Amino acid sequence: MRRREFLQSAAAVPLAGAATDGQNRRRAEIYALHQTSCGLLFDDSGKWIGKSTAPGGRERLWHAMSLLKSDSTRAKANAVIRETFTMRETKGLLSTFSHFEFTASTQLLLADKQELTMENRSKLSSLVKETFARKSPIRWLGYNDNFPAMENMAATLGGEMFDDQASRERGIGGLRKLLEYFERRGVLAEYTSATYSPVTLLCISNISEYSRDPEVRRMALEIEHRVWLDIAAHFHAPTNLLAGPHSRAYNVDSVGHLHPAHMLLYAVFGDRLWLNP
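This structure is a prediction, so every number in the text was calculated from the model and none was measured.

Things to note about the overall build of the protein chain
- The secondary structure content of the protein chain amounts to twelve helices and two strands.
- Ordering the α and β elements of the protein chain from the N terminus gives α-α-α-α-α-α-α-α-α-α-β-β-α-α.
- A globule of 277 residues ought to have a C-alpha radius of gyration of about 19 Å, and the protein chain, at 19 Å, matches this closely.
- By principal-axis analysis of the C-alpha atoms, the protein chain measures approximately 50 × 40 × 35 Å.
- As presented, the protein chain carries roughly 13,700 Å² of accessible surface, and 55% of it is formed by carbon and sulfur atoms.
- The averaged location of the 31 negative side-chain charges in the protein chain is 2 Å from the averaged location of its 35 positive side-chain charges.

If you want it as structure tokens, here you go:
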């Protein structure tokens, strides 16, 4: 795909709409690969049996998002979620959860199509409600923008989900602050980041897709467009990498290995990009 074609395509991404058949097919393809390779890393009780470092709460919930979507791994996914909360309740290494787990719990509930057990749905719901105790405004301070993006998503959609007006207003205030932030500087502090631009984009796109409030969806879409423009304007077609100045990269990004931006672009555009992760 040439640069001009990419920019035109990015402008036409079906934001806040139903995913296309191709996007759904690629999501299922990626999930199937994950289920095959990572499902084996947990036993049937949800305990980690992999040889690498045991995952924390957020990683365990991220694994469950995919594992829930297959009949062959759904029971294990529910076991992973149940064990995650058991580990927290027994004051192990996961005794303290943060915006990572709050956001993952919200996403699991939003994506649930009767795959979660009643016990897990109750536990995830209780975790989302913990965010309602947070009263301070959501601020965009010019660093680690993915943190307030996660906070924004959990507050806005969690507030809608459980009819907590204060949390919902806190999230809406965060969206307004981010739009004001863009008026000052144009891009995220984590600009053109192969890792963190997709994280922020995912959180904001969750709001634009799932919010029941038209004005909230409008603000989220405006933000989503702005982040997409940053990614599109720095896409280097010959290498399928983000090029130019950027903020917050890891070694895999610097040496051109696969990273979240690749997965984002493949999920949206498919084989129109030559690199298939």
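Quick notes on the nonpolar core
- Within the largest apolar cluster, 37 residues are counted, with the highest numbers of intra-cluster contacts made by Leu 178, Ile 207 and Ile 223.
- For this core, the elements supplying multiple residues, two or more each, are helix H7 (146–161), helix H8 (165–185), helix H9 (196–210), helix H10 (214–233) and helix H12 (260–269).
- The element best represented in this core is H10, accounting for seven residues.
- In terms of nonpolar packing, the next biggest core, distinct from the first, is built from 18 residues, Ala 77, Phe 97, Leu 108 and Leu 127 among them.

Observations regarding the pattern of salt bridges
- Throughout the structure, instances matching the rule amount to 14 salt bridges.
- Within the structure, one salt-bridge network assembled from shared partners comprises Arg 134, Glu 151 and Arg 170.

Considering the confidence of the model for the protein chain
- In the predicted model, the protein chain carries a mean pLDDT of 89, and the fraction of residues at 70 or more is 90%.
- Looking over the protein chain, one finds the lowest element-wise mean pLDDT in helix H1 (residues 3–11), namely 46, and the highest in H7, namely 97.
- Every residue in residues 6–16 is under pLDDT 50, and counting partners more than four places away or in other chains gives 26 contacts.

Overview of the environment of Asp 112
- One can find Asp 112 in the loop between helix H5 (99–111) and helix H6 (118–130).
- Residue Asp 112 is classed as buried on the basis of its relative accessible area, which comes to 13%.
- For the pair Asp 112 and Leu 68, spaced 44 residues apart in sequence, the C-alpha to C-alpha distance is 8.6 Å.
- For Asp 112, the side chain forms a polar contact with the main-chain nitrogen of Glu 115, separated by 2.8 Å.

Concerning the environment of Phe 102
- Here Phe 102 lies in helix H5.
- Classification of Phe 102 as buried rests on a relative accessible area of 4%.
- In sequence terms Phe 102 and Ser 126 are 24 residues apart; their C-alpha atoms lie 9.8 Å from each other.
- In contact with Phe 102, not counting residues within four places along its chain, are Phe 97, Leu 127, Val 128, Glu 130, Thr 131, Arg 134 and Ala 154.

A few points about the packing of aromatic side chains
- Summed over all chains, the structure comprises six aromatic pairs.
- Aromatic side chains Phe 42 and Trp 48 sit 5.2 Å apart centroid to centroid with 80 degrees between the ring planes, which places their arrangement in the edge-to-face category.
- Their ring planes at 80 degrees and their centres at 6.2 Å tell us that Trp 228 and Phe 269 sit as a pair that is edge-to-face. Within this pair, whereas Trp 228 is found in helix H10, its partner Phe 269 is found in helix H12, the two being separated by 41 residues in sequence.
- Between Arg 26 and the ring centre of Tyr 266, over which it is positioned, the NZ or CZ distance is 6.0 Å.

Regarding the packing of helix H4 (residues 74–89) against H6
- Contact pair H4 / H6: the axes reach a minimum separation of 10 Å and the direction vectors enclose 50 degrees. Between H4 and H6, the angle is such that the two are oblique. Between H4 and H6 lies a crossing of left-handed hand. Mapping the contact onto sequence places Asn 78, Ile 81, Arg 82, Phe 85, Arg 88 and Glu 89 in H4 and Glu 119, Asn 120, Lys 123, Leu 124, Leu 127 and Glu 130 in H6.
- Here the contact of H4 with H6 is built from residues that sort into four nonpolar, two polar and six charged.

Section: H4
- The terminal C-alpha atoms of H4, which comprises 16 residues, lie 23 Å apart, in line with the 22 Å expected from a rise of 1.5 Å per residue.
- The secondary structure elements touched by the buried residues of H4 are helix H3 (57–67), H5 and H6.

Description of H6
- Over its 13 residues, H6 extends 19 Å from the first C-alpha to the last, a length consistent with the 18 Å expected when each residue adds 1.5 Å.
- Buried within H6 we find Asn 120, Leu 124, Ser 125, Leu 127 and Val 128. Angular distribution of buried residues about the axis of H6 spans 160 degrees; they occupy a single face of the element.
- In this structure, the buried side of H6 is in contact with H3, H4, H5 and H7.

About the thresholds
- Residues numbered from 1 in each chain as written.
- Predicted model: local features only at pLDDT ≥ 70, side-chain atom pairs only at ≥ 80, totals over all residues.
- Heavy atoms only, no water.
- Helix = DSSP H or I, 4+ residues; strand = E, 2+ residues; numbered from the N terminus.
- Rg over C-alpha atoms; globule rule 2.2 N^0.38 Å.
- Areas by Shrake-Rupley, 256 points an atom, 1.4 Å probe, with all protein chains shown as cover.
- Lys, Arg positive; Asp, Glu negative; His and termini not counted.
- Charge placed at Lys NZ, Arg CZ, Asp CG, Glu CD.
- Core = buried A, V, L, I, M, F, W, Y, C linked by side-chain atoms within 4.5 Å.
- Buried < 20%, exposed > 50% of the residue type's maximum accessible area, 1.4 Å probe, protein only.
- Salt bridge = Lys/Arg side-chain N within 4 Å of Asp/Glu carboxyl O.
- pLDDT = per-residue confidence, 0-100.
- Contact = heavy atoms within 4.5 Å.
- Polar contact = N/O pair within 3.5 Å; in protein donor to acceptor, adjacent residues only side chain to side chain.
- Phe/Tyr/Trp six-rings, centres within 6.5 Å; stacked < 30°, edge-to-face > 60°.
- Lys NZ or Arg CZ within 6 Å of the ring centre and 35° of its normal.
- Axes fitted to C-alpha atoms, helices over the stretch in contact; angles between N-to-C directions.
- Parallel < 35°, antiparallel > 145°, perpendicular 65-115°, else oblique.
- Left-handed = near helix turned anticlockwise from the far one by under 90°.
- Nonpolar A, V, L, I, M, F, W, Y, C, P; charged D, E, K, R; others polar.
- Expected span 1.5 Å × (residues − 1).
- Arc of directions from axis to C-beta.

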